[in-house]
Every structure is written in C-alpha cells, then in structure tokens.
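Fold and contact review
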Amino acid sequence: MRKATITGLGKYLPEKVMTNKDLEKIVDTDDGWIKARTGIEERRIAADDETASDLGVKAAEEALKKAGIKAEELDLIIVATITPDMPFPATACLIQDRIGASNAGAFDLEAACSGFVYGISVASSFIESGMYDNIMVIGTEVLSKIINWEDRGTCILFGDGAGAAVLQPTDKGGILASDLGSDGSGGDTLYMPGGGSLKPATHETVDNKEHYLYMEGNQVFKFAVKIMSKASLKVLKKAGLSTDDVDLLIPHQANTRIIASSTKRLKLKPEQVFVNLDKYGNTSAASVPIALAEAEEQGLIKNGDTIVLVAFGGGLTWASTVLEWNDLK
Ligand SMILES: CC(C)(COP(=O)(O)OP(=O)(O)OC[C@H]1O[C@@H](n2cnc3c(N)ncnc32)[C@H](O)[C@@H]1OP(=O)(O)O)[C@@H](O)C(=O)NCCC(=O)NCCS
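Residues numbered from 1 in each chain as written. Predicted model: local features only at pLDDT ≥ 70, side-chain atom pairs only at ≥ 80, totals over all residues. Heavy atoms only, no water.

For clarity, the threshold we go by: UniProt positions are given in the numbering used here, feature names are shortened, and annotations may be inferred rather than shown by experiment.
The name that an unreviewed UniProt entry assigns to the chain is Beta-ketoacyl-[acyl-carrier-protein] synthase III, with the source organism given as Halanaerobium hydrogeniformans. Listed under Subcellular location (unreviewed entry) in UniProt, the entry text for the chain is "Cytoplasm".

Quick look at the side chain of Asn134
Quick note on the threshold: Secondary structure elements follow DSSP: runs of H or I of four or more residues count as helices, runs of E of two or more count as strands, with numbering from the N terminus. Any pair of N or O atoms that falls within 3.5 Å is considered a polar contact. Within protein, one atom must be able to donate a hydrogen and the other to accept it, and sequence-neighbouring residues count only if both atoms are side-chain atoms. Contact between two residues is taken to exist if any of their heavy atoms lie within 4.5 Å; hydrogens are not considered.
Assignment of secondary structure puts Asn134 in the loop between α5 (115-129) and β6 (135-141). In terms of polar contacts, Asn134 uses its side chain to reach the backbone carbonyl oxygen of Glu73, at 3.0 Å. Not counting residues within four places of it along the chain, the set of residues in contact with Asn134 comprises Ile69, Glu73, Leu74, Asp75, Leu76, Leu167 and Gln168.

Describing the pairing of β6
Here is the rule we go by: Here's how the labels work: a residue is buried when its accessible area is under 20% of the maximum for its type, exposed when over 50%, partly exposed in between, all with a 1.4 Å probe on protein chains only. When DSSP locates at least two bridges between a pair of strands, those strands are taken to pair.
Most of β6 sits inside the fold, with seven of its seven residues counted as buried. Every second residue of β6 is oriented toward a common face, with Ile135, Val137, Gly139 and Glu141 on one face and Met136, Ile138 and Thr140 on the other, all of them buried. Across seven bridges, β6 lies against strand β7 (residues 161-170) in antiparallel orientation. Bridge pairing in β7 links Gly139 to Gly163.

A few points about the UniProt feature "domain: Beta-ketoacyl-[acyl-carrier-protein] synthase III C-terminal" (unreviewed entry) in the chain
Per the UniProt record, "domain: Beta-ketoacyl-[acyl-carrier-protein] synthase III C-terminal" (unreviewed entry) is annotated on residues 236-325. In residues 236-325, helix accounts for 31% and strand for 22%; the two terminal C-alpha atoms are 15 Å from one another.

What to know about the domain arrangement of the chain
By convention, interface size is frequently given as the accessible area that disappears when the constituent parts associate. Applicable threshold: For the purposes of this description, domain bounds are those given by an automatic or database domain assignment. By definition, the buried area sums, over both parts, the 1.4 Å-probe accessible area that each loses when the two are put together. Salt-bridge detection follows one rule: a side-chain nitrogen of Lys or Arg within 4 Å of a carboxyl oxygen of Asp or Glu. Each residue gets one label: Ala, Val, Leu, Ile, Met, Phe, Trp, Tyr, Cys and Pro are nonpolar, Asp, Glu, Lys and Arg are charged, and the others, such as Gly, are polar.
With domains assigned, the chain is organised as domain 1 (3-171) and domain 2 (176-324). Here the C-alpha centre of domain 2 lies 14 Å away from the C-alpha centre of domain 1. Contacts between the two partners involve 47 residues from domain 1, matched on the other side by 46 residues from domain 2. Interface area for domain 1 against domain 2, summed over the two sides, is near 3600 Å², with a carbon-plus-sulfur share of 64%. Our count for the domain 1 to domain 2 interface comes out at three salt bridges. In this structure, the connection of domain 1 to domain 2 is made through 17 residue pairs in polar contact (both at pLDDT 80 or more). The biggest single contributor to the side of domain 1 that touches domain 2 is strand β1 (residues 3-12), with six residues. Its residues assigned to classes, the side of domain 1 that touches domain 2 shows 21 nonpolar, 15 polar and eleven charged.

Focus: α5
The condition that has to hold: In a helix, the anticipated span is given by 1.5 Å times the number of residues less one.
Between its first and last C-alpha, α5 extends 21 Å over 15 residues, near the 21 Å set by a 1.5 Å rise per residue. Turning to α5, its buried residues are Gly115, Phe116, Val117, Tyr118, Gly119, Ile120, Ser121, Ala123, Ser124 and Ile127. Trailing α5 by a residue or two, Gly130 shows a phi angle of about 90°, which is positive.

Some thoughts on the UniProt feature "domain: Beta-ketoacyl-[acyl-carrier-protein] synthase III N-terminal" (unreviewed entry) in the chain
The sites that UniProt annotates as "domain: Beta-ketoacyl-[acyl-carrier-protein] synthase III N-terminal" (unreviewed entry) are residues 107-184. As a span, residues 107-184 carries 24% helix and 37% strand, and end to end its C-alpha atoms are 22 Å apart.

Overview of the sheet that holds strand β8 (residues 174-182)
Applied cut-off: Lines fitted to C-alpha atoms define the axes here, with helix axes fitted over just the stretch in contact, and angles between the N-to-C directions of these axes take values from 0 to 180 degrees.
The four strands lie next to each other as β8-β13-β12-β11, forming an open sheet whose pairing is mixed. Single-partner strands in this sheet number two, and they are β8 and β11 (248-251). Averaged over neighbouring strand pairs, the angle between their axes works out to 10° when direction is ignored. Pairing of β11 with strand β12 (residues 306-313), which is carried by four bridges, proceeds in the parallel orientation. By the bridge assignment for β12, Leu248 is matched with Ile307.

Comments concerning the packing of aromatic side chains
Selection criterion: Ring geometry is summarised as follows: Phe, Tyr and Trp rings, the Trp one being its six-membered ring, pair when their centres sit within 6.5 Å, and such pairs are stacked at plane angles under 30 degrees, edge-to-face over 60 and tilted between the two.
Within the structure shown, the criterion is met by four aromatic pairs. Considering the side-chain rings of Tyr191 and Tyr214, the 6.4 Å spacing of their centres and the 50° angle between planes classify their relative orientation as tilted. On the criterion of sequence distance, the pair formed by Tyr191 in strand β9 (residues 190-191) and Tyr214 in strand β10 (residues 214-215) is long-range, its members being 23 residues apart. Using a relative accessible area of 39% as the deciding quantity, one classes Tyr191 as partly exposed.

Observations regarding the packing of helix α3 (residues 52-67) against helix α4 (residues 91-99)
Helix-helix packing is described using two parameters, namely the angle between the two axes and the distance between the axes. What counts here: Throughout this description, any angle smaller than 35 degrees is read as roughly parallel, any larger than 145 degrees as roughly antiparallel, any in the 65 to 115 degree range as roughly perpendicular, and the remainder as oblique. Here a crossing is taken to be left-handed if its near helix is turned anticlockwise relative to the far helix by less than a right angle, and right-handed if that turn runs clockwise.
Contact pair α3 / α4: the axes reach a minimum separation of 9 Å and the direction vectors enclose 55°. Comparing the axis directions of α3 and α4 gives the class oblique. In this structure, α3 crosses over α4, and the sense of that crossing is right-handed. Across the interface between the two elements, Ala52, Ser53, Asp54, Gly56, Val57, Ala60, Glu61 and Leu64 from α3 touch Thr91, Leu94, Ile95, Arg98 and Ile99 from α4.

Some details on the environment of Leu190
Note on placement: Leu190 falls in strand β9. The exposure class assigned to Leu190 is buried, which follows from its relative accessible area of 16%.

Observations concerning the site of the ligand
Operational definition: It suffices for a single heavy atom of a residue to lie within 4 Å of a molecule or strand for the residue to be listed as near it. Each accessible area is a Shrake-Rupley estimate made with a 1.4 Å probe; only the visible protein chains count as cover when residues are assessed.
Taken together, 23 residues are adjacent to the ligand, and Thr29, Arg37, Arg152, Asn218 and Asn255 come closest. For the ligand, a nitrogen atom lies 2.6 Å from a polar atom in the side chain of Thr29. Between the ligand and the protein, one listed contact pairs an oxygen atom with a side-chain N or O atom of Asn255 at 2.7 Å. Across the complex, the protein chains shield 73% of the 960 Å² of accessible surface that the ligand would expose by itself. Those elements that place two or more of their residues in the shell around the ligand are α2 (31-38), α6 (152-155), α8 (217-238), α9 (256-265) and β12. Residue contributions to the shell around the ligand peak at four residues, all from α8. Looking at the shell around the ligand residue by residue, the class counts come to ten nonpolar, nine polar and four charged. When residues of the shell around the ligand are sorted by domain, at least three fall in each of domain 1 (3-171) and domain 2 (176-324).

Right under this line is the structure:
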C-alpha cells in the first residue's frame, strides 16, 4: 500500500518578541517563576492587523518551496486552528485563495493543540487511499487575540505562529501509523465559553470576558503528563515499533515539565526530544509543525530516521503519528 510522506516544511513567527520581563509589566508574575514552572523565556506576538491566515500563508509558501511544487498542484489544504480569521469561511479557504491553490479543496480542522497531528492523520489517509497526491497541512494560531492579558495563569503560556507541511505519496517509509483520541468530559478544563451557538456574542458575554481562553492549569497538566507517553507508546505499537526505535520525538510544546516527564516515562534521552518552547511558548496547533521545521533546519532529521509526533489539547484531544523520514530528496 502506498504511504504519505512529508516532503516540505515551512514556518512563520511574527516579528514582535514578548519576553517574561515584558509580562512582568502587565501581570503579577516574574521571569524566574515562568522559566522554572514552564520553561518559557519569550514568545512571539502577532501585529494588530496580522491574522491566522497571514501567518499560515507565509508558512505554506515556504513549505511549497521546500517541497518543490507549485500551489496549483495542491489537491487539498487542511488548516488546524482555534483562532481562525472568522467563524466562517474557513481559514483554509482564505489561504487557498491567497497562495493560488486553484485546484485544492480546503477545510479547517479543530482539535485545539492536537490539530496539526490530527491533520497529518487525515491527510495521510487521503493519500494512502489514492484519493489525493499533494496535500498541505497547516497549523496556524494567533492566540494573543483570545488571551485574557489580566490572567497570569494563562497569558504567560501562549504565543503566535504557524507551521506547514506538504505531504505526498511514497513507496518507502513515510507515515507508518497515526492514532487519534478524545475525552469530551474534560472539555471544560480548557475552552472559550463565548462566541458560539451556546453563547453568541452579546454586550454581556463581552463584559463577562467570555471570549477568552479559560484553563484549569493543574488538571490539564495531570492529563498531559499521562497522555503524552500513552499516545506515543500506542502509535509505536501500531507501527510494530518500540521506543528503542525512536530517533526523535517532537512533542507539543506546552511546558518543559510535561515534556521532561514524558521523556522519562518513555525512557528516552533528553537529546532525543526536540524542545523550542523557550523561544515561542505554546503556539497550540502550530507548535508541532514549527518544532518539526526547526528540527529539520538544525540538521537533526535525516532520511531513514524514526520520528514520533505527539500532541494534546483542548477537547480534550490527543494525537500521535510515527513516521520514517523520507523527504524524497
Ligand atoms: C499553568 C501552569 C504553568 C501552572 O503551574 P503550577 O506549577 O501548576 O502552578 P499552580 O497553578 O499550582 O500555582 C502555584 C502558585 O503560583 C501562582 N502562579 C500562577 N501563575 C503564576 C504566574 N504567572 N506567575 C507567578 N505566580 C503564578 C499561583 O497563584 C499559585 O500561588 P499560591 O500557591 O500562592 O496559590 C501549569 O499548571 C501548566 O503548565 N499546566 C498545563 C497547561 C497547558 O499545558 N495548557 C495547554 C494545553 S494545550
């Protein structure tokens, strides 16, 4: 059976850097606390007029260039985001138009921070089935626009950015297995109450700050440390592999303590696990593709390597993918 493989990666981070020291001026927090409890040193913040589609277009264009294909050759664009430009049309359609992907279908996929890995699973299934050949998966987020900048429990954690991957068919290596999970009973530990059909925007919802992200940090933390290792082991088993086969783990970049605990549970060495959240914080659906793109840029990935992508997020959701790197070059 033919498989899908990643043939091009791109990323885009807004120019504006917000350090922990900058945050000290906004909320009652300090650089030392943020570094010790999260590992984050700084994050990028989009300009006032910059949107999820703006960031996504830049990441997508870079991924197309690296894959060596034209936008018109794309069959499908999947955009993972919880901060779309607007409820509809889909941000995927906005990006489709702007990059000139005139032959592509386009839709948004919402699985919060797990969204990109969900998207990889969907895209690889389309390719394996023979339905499509060239698919773009983008994770793009402008979380700064849904953050309550008065809530020190959340505003220190998140950042803006976008990452993109082009997937194409291969008969060697590529995406070996994926696994998706959810537990809707935990939905109220990480959510945005207002703006949907439950609570359409009113003056009251705005006054009550219901258009911001809410999180029970401790509960999400406990869920995350369990699920990251569980999801990684499950997908490796599906592919007939074990942690001994892993060259590099690309985890969702939420908190270094969550990543360290998963590294330990999986009995991996720290150098087998890619971390860049010190620079960007948690960029939700963009975190895994940005990390993957940087790992490749840094020469940490070569053809034949076994790589695990694993993410968790609101929903609650989780997703994992194991792939044998083969960029067809
Ligand atoms: C949010 C998070 C960093 C909080 O860290 P923690 O070690 O659990 O901290 P706690 O919430 O127990 O708070 C400990 C103390 O620090 C304080 N505190 C919380 N945020 C603070 C901040 N930004 N600066 C300084 N102090 C802070 C708390 O008020 C509390 O003080 P108290 O003991 O006097 O009540 C952590 O729970 C976390 O990372 N959770 C997962 C979040 C996540 O990954 N979300 C995204 C999912 S995709």
